[in-house]
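Spelled out from the first residue to the last, the chains are:
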Amino acid sequence: MATTVKKQPKITAPEEEKPKPKRVRRAMRRLKHRKKGRRRYARPVVWLAGIQATAVFADVTGLGLEISGAAMVLAAGVRMVKARRRGQKPAMKRTVAGSVWLLAATIIGPYGLMALVLWVVGLVMAVPYWYELYREDDRGRRESRPKALPKSTVSGVEAWWDQTVVPNHVAFAGTRLAQPEPVPGGFTVVIVGEPGKTELDKMAKAIGTVASARRVAKDQVELGPAPGGDHSGARLTVIERGDNLRATRFLEDDSAAIDLETGIARVGSFFDLKPAHWSFWTTSAGAQMGINAGSTGAGKSQFGATKLALVHQCELAVAALLDNQDGSSQPDWNGRTAISREGVEACWEELQALDYVMGRRAQHIAHAPWADELGRERRGKPFLLPGDPDVGRMVLMYVAIEELPLLLGDPEIGPEATDLLASAAKTWRKPGGAIDVFTQNLGLENFGGRPISNTLRSNLSGGGSVAAFRTGSSQDWHMVGLAADPSTLPEFWEGTREKTHGLGFMKGIDNRPGGKWRASISRDLFGIATSPAAGQLDDITRGFYEEYYEMRRRGVDPRDPDAVTPAKASPAAPKWSSGDVEAVVEHVLLSGPREIGAICVAARRRLGDMPLGEVPAALRALEKAGRVRKTGDDSYQLVKEVQQ
C-alpha cells in the first residue's frame with residue numbers, strides 16, 4: 001500500500017521580521033538624506049525664530065534684565081566656546097549678533113522695528129551659509145552622475161578593438177582582447193588570436209593600424225610576445241599620455257646599482273614607467289657588449305656617464321674610459337677611472353694593451369684549477385663571472401669607447417683598429433671584457449666602413465644591448481634589432497622649448513625593442529666621480545699588464561704570435577719540494593684568509609704546473625704544525641702567533 005506523504009506547509013518568518021529588499025533600503029536612505037538636507041537649509045530660520053521666541057517669553061513673563069541677561073550671557077558663552085574649538089568663525093559672529101539683539105530686545109521690546117531688524121539682518125547673514133550648502137550639494141550631485149569614460153581607461157577597449165582595428169587589417173582578423181589592465185597613461189591587454197591563422201610577426205608589422213585607430217604616435221604602441229609565448233597572440237601596450245617620460249628621474253631616487261648576482265642595473269624608465277635595465281654581465285654568458293647611438297644633445301654621452309657611475313660604485317667591476325675626442329666627451333670621468341685615455345693615438349695604444357691582457361685572462365680562466373660541489377678537481381671555466389674565487393676574484397672590465405668613428409675612421413689607425421675590435425667583440429666576452437661603444441648613428445660608416453664592420457656591429461649588438469637616442473639618420477636601425485626608427489624621436493617636448501635629453505629606444509635584457517624609454521641621470525655625477533671607486537683592478541690582471549709593458553720595454557711585440565711570452569715559455573721542469581709549497585701557501589695567507597681555490601692559483605703562478613693535491617697536503621701539514629687554521633668550509637688563515 002502506497003504511503004502518502006503530506007506536504008509540509010512552508011514556514012515563513014513573520015511579516016515584521018522579513019528583511020527589507022535592497023531597493024527599499026536604498027530609497028529610505030535617500031529620503032532620510034533629503035530630509036536631513038532640508039533641515040540644514042532651515043537652520044537659520046529656526047535659529048532666528050528661537051531668538052525672537054526667547055525675547056517674547058522674557059517680555060511676557062516679566063523676567064528682568066538681571067535674570068534673562070544672565071541666562072543669555074551663559075548660553076552665548078557656551079556657544080562661543082564650542083564654535084571657537086571647531087574653528088567656526090561665522091557661528092561666532094552670529095552668536096555675538098544674536099546676543100546684542102537679545103539685550104536690546106529685553107530693554108526696548110521684541111516687537112515692531114526690533115523684530116524687523118532681527119529678521120532682515122539674520123537672513124542677510126545666512127546667505128553665505130546657504131550658498132556653501134548649495135555648492136556642496138551640487139558637487140555631490142555632479143560626482144554621483146555617471147561620468148564619460150576617459151580614452152585611456154581599460155573600460156570599452158574590447159568594443160573599440162572590434163569596431164576600429166579588426167575590420168581594418170587582415171593581420172588582426174578573428175582576434176579579440178582579454179585581460180585589460182591600466183598602466184600609467186594608458187592600458188595593456190592580451191590579443192587572443194586564432195591558432196593557425198593569426199601570427200605575432202604579421203601583427204607586429206601592422207602596428208601602425210593600432211596607433212591610427214587609437215589616435216596616438218606609433219612609438220607609443222608596443223606589441224610583444226603573449227604570456228606563455230603563444231605565437232598566435234600578443235601583449236599590446238598603448239600609452240595615450242605623451243608626458244610619462246617628461247619628468248627627469250635620478251639614479252639616487254631609484255637606488256640604482258649593479259646587482260652583484262645578475263650584473264643588471266636600472267638605467268631609466270620605459271614609456272609605461274616600468275624600469276629599463278642594462279646588462280653588464282650575465283650568469284649564463286659572461287660580459288655583455290653595447291652600442292649607444294645619438295646625435296649631439298640627444299643624451300648619449302650623459303647616458304655613458306650614468307653607466308660609468310654605476311660601474312664606479314660596483315665592487316666587481318672597473319672602468320676603462322677611452323675618449324677619442326681628447327677628453328671632451330666625459331670631462332667628469334677622465335682620469336678618474338681605473339684606466340683612462342684621451343685622444344685617438346692614446347686610445348689605440350690602450351686597446352692593444354687590453355687585447356693582450358684579455359688574451360692572458362682568457363688563458364688563465366681556461367686553465368684555472370678548481371673543485372666543484374662534489375669535491376672533484378677540475379680545470380678551467382667557460383667564462384668569467386666577476387668575483388669568482390676559483391679564478392682569483394677577477395673583476396669585470398667595462399671598456400667605454402667614446403666617439404668610436406674618430407678611431408675607426410682614422411686613415412692610419414682605423415683599419416687595424418677595426419680588425420682588432422671586430423675580433424675583441426667575439427673574444428673578450430669570456431675573459432670579462434664588456435665593450436660599450438658610442439657613436440652618432442647606426443650606419444656602417446660609424447663602425448669603420450669596411451667589410452668587417454658589419455661583423456663588428458653585429459657582434460656588439462647581438463652580444464648585449466643597444467640604446468638609440470635621437471639620430472640624424474634613419475639607416476640601419478633595424479639591423480641592430482630595434483623595432484622603431486630613432487630619427488623620428490622629437491627634439492623638444494611637445495608644446496615646450498625643453499629638449500628631450502635621454503629619450504630613445506632600447507633593445508636589451510628587458511626584451512622591449514619597440515618601447516620608448518628615457519635614461520636616468522645622477523643628481524651629483526661629479527661627487528660620484530671624485531669618490532673612491534668600490535672596485536679595484538685585481539692582482540692577476542695587474543700582473544698581465546706588467547707582462548705587456550715589460551715586453552714592450554724589451555722591444556718585443558706582444559701581439560707577435562712568435563713572441564715568447566710567459567704563457568708560451570717552456571722552461572725546464574720546475575724543481576720544487578713540499579717545503580716550497582708550504583712556504584708559498586704561508587706567503588699567500590700573509591695578506592689574510594684565502595679560499596683554497598685562490599691559494600691554488602697563487603701557488604701555480606709561482607711554482608709552475610704542479611699537481612693540485614700538493615696544496616691541500618701543504619695546508620694539512622701547516623694545520624698540524626699549528627701554523628694555519630681553517631676558517632670555513634674551504635678557506636684558511638695564518639694563526640695570530642705566526643703572523644706576529
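Just so you know, these numbers come straight off a predicted model, no measurement behind them.

Some remarks on the overall build of the protein
Across its full length, the protein holds 19 helices and 21 strands. When contacts within the protein are restricted to residue pairs at least 6 apart in sequence, long-range pairs at least 24 apart make up 64% of them. Summed over its atoms, the accessible surface of the protein is roughly 34400 Å², and 54% of this surface lies on carbon and sulfur atoms.

Topic: a nonpolar patch on the surface
A contiguous nonpolar patch, built from Leu113, Leu116, Val117, Val120, Val121, Val124 and Met125 and spanning about 620 Å² of accessible area, is present on the exposed surface. The residue Leu113 is located in helix H4 (residues 113-144) in this model.

Describing the pattern of salt bridges
For the structure on display, the rule yields 22 salt bridges. For Asp254, the salt bridge is made with Arg266, and the minimal N-O distance between the two is 3.6 Å. Taken together, the residues span a long stretch of sequence, with Asp254 in helix H8 (residues 251-254) and Arg266 in strand S5 (residues 264-270) at a distance of twelve residues. The same class applies to Asp254 as to Arg266, namely buried.

Some remarks on the packing of aromatic side chains
Summed over the entire model, instances satisfying the criterion amount to eleven aromatic pairs. The interplanar angle of 75° and the centroid separation of 5.6 Å between the aromatic rings of Trp278 and Phe303 together place this pair among those described as edge-to-face. Residue Trp278 is found in strand S6 (residues 275-279), and its partner Phe303 is found in helix H9 (residues 300-312); the two are separated by 25 residues along the sequence. On the basis of relative accessibility, which here comes to 1%, the residue Trp278 falls in the buried class. The class of Phe303 is buried, set by a relative accessible area of 1%.

Here's the deal with the packing of helix H10 (residues 344-367) against helix H12 (residues 414-427)
Between H10 and H12, the least distance of the axes is 11 Å, while the angle of their chain directions is 30°. At the point where H10 passes H12, the crossing takes the left-handed sense. On H12, the residues that touch Trp348, Leu351, Gln352 and Asp355 of H10 are Glu416, Ala417, Leu420 and Leu421. Residue composition of the contact of H10 with H12, grouped by class: five nonpolar, one polar and two charged.

Considering helix H18 (residues 614-624)
Inspection of H18 places Val615, Ala618, Leu619 and Leu622 among the buried residues, and these make up the whole buried set. Each buried residue of H18 sits inside an arc of 100° when the element is viewed along its axis, so together they form one side. Facing away from the buried side of H18 by over 90 degrees, the exposed positions are Arg620 and Lys624. Positive backbone phi, at 80°, marks Gly626, one or two positions downstream of H18.

A word on the side chain of Ser473
Structurally, the position occupied by Ser473 is in the loop between strand S16 (464-469) and strand S17 (503-507). One polar contact links the side chain of Ser473 to the main-chain amide nitrogen of Gln475, over a distance of 3.3 Å. In this structure Ser473 touches Asn441, Asp485 and Ser487, once residues within four positions along its chain are discounted.

Some points on the sheet that holds S17
To summarise the sheet geometry, strands pair through backbone hydrogen bonds and adopt either a parallel or an antiparallel arrangement. Read from one edge to the other, the open sheet built from ten strands follows the order S6-S5-S18-S17-S16-S9-S15-S14-S10-S11, with strand pairing classed as mixed. Edge positions in the open sheet fall to S6 and strand S11 (339-342), since each of these has one partner strand only. Averaged over all adjacent pairs, the angle separating strand axes in this sheet is 25°, with direction ignored. Two strands pair when backbone bridges link them, and strand S9 (residues 289-293) and S16 are joined in this way by five bridges, in the parallel orientation. Looking at the pairing, Ala293 lines up with Ala468 of S16.

Examining the pairing of strand S15 (residues 433-439)
As a general feature of sheets, a regular strand has side chains that alternate between the two faces. With seven of seven residues buried, S15 lies mostly within the body of the structure. Covered by surrounding structure in S15 are Gly433, Ile435, Val437 and Thr439 together with Ala434, Asp436 and Phe438, the residues of both alternating faces. Note: S9 against S15, four bridges, orientation parallel. The partner of Ala293 across the bridge, within S15, is Thr439. In this sheet, S15 lies alongside strand S14 (residues 396-402) in parallel orientation, the contact comprising five bridges. When the bridges of S15 are listed, Ile401 appears paired with Val437.

So, the sheet that holds strand S20 (residues 628-630)
The three strands lie next to each other as S19-S21-S20, forming an open sheet whose pairing is antiparallel. The open sheet is flanked by strand S19 (594-595) and S20, the only strands paired with a single partner. When S20 meets strand S21 (residues 635-638), the two strands line up antiparallel, connected through three bridges. Directly across from Val628, in S21, lies its bridge partner Leu638. Seen against the sheet, H18 touches S20 and S21 and runs at an angle of roughly 110° to S20.

Calculation criteria
Residues numbered from 1 in each chain as written. Predicted model: local features only at pLDDT ≥ 70, side-chain atom pairs only at ≥ 80, totals over all residues. Heavy atoms only, no water. Helix = DSSP H or I, 4+ residues; strand = E, 2+ residues; numbered from the N terminus. Contact = heavy atoms within 4.5 Å. Areas by Shrake-Rupley, 256 points an atom, 1.4 Å probe, with all protein chains shown as cover. Patch = residues over 30% accessible without salt bridge, like charges linked within 9 Å, V, L, I, M, F, W, Y side chains within 5 Å. Salt bridge = Lys/Arg side-chain N within 4 Å of Asp/Glu carboxyl O. Buried < 20%, exposed > 50% of the residue type's maximum accessible area, 1.4 Å probe, protein only. Phe/Tyr/Trp six-rings, centres within 6.5 Å; stacked < 30°, edge-to-face > 60°. Axes fitted to C-alpha atoms, helices over the stretch in contact; angles between N-to-C directions. Left-handed = near helix turned anticlockwise from the far one by under 90°. Nonpolar A, V, L, I, M, F, W, Y, C, P; charged D, E, K, R; others polar. Arc of directions from axis to C-beta. Polar contact = N/O pair within 3.5 Å; in protein donor to acceptor, adjacent residues only side chain to side chain. Pairing = 2+ DSSP bridges.

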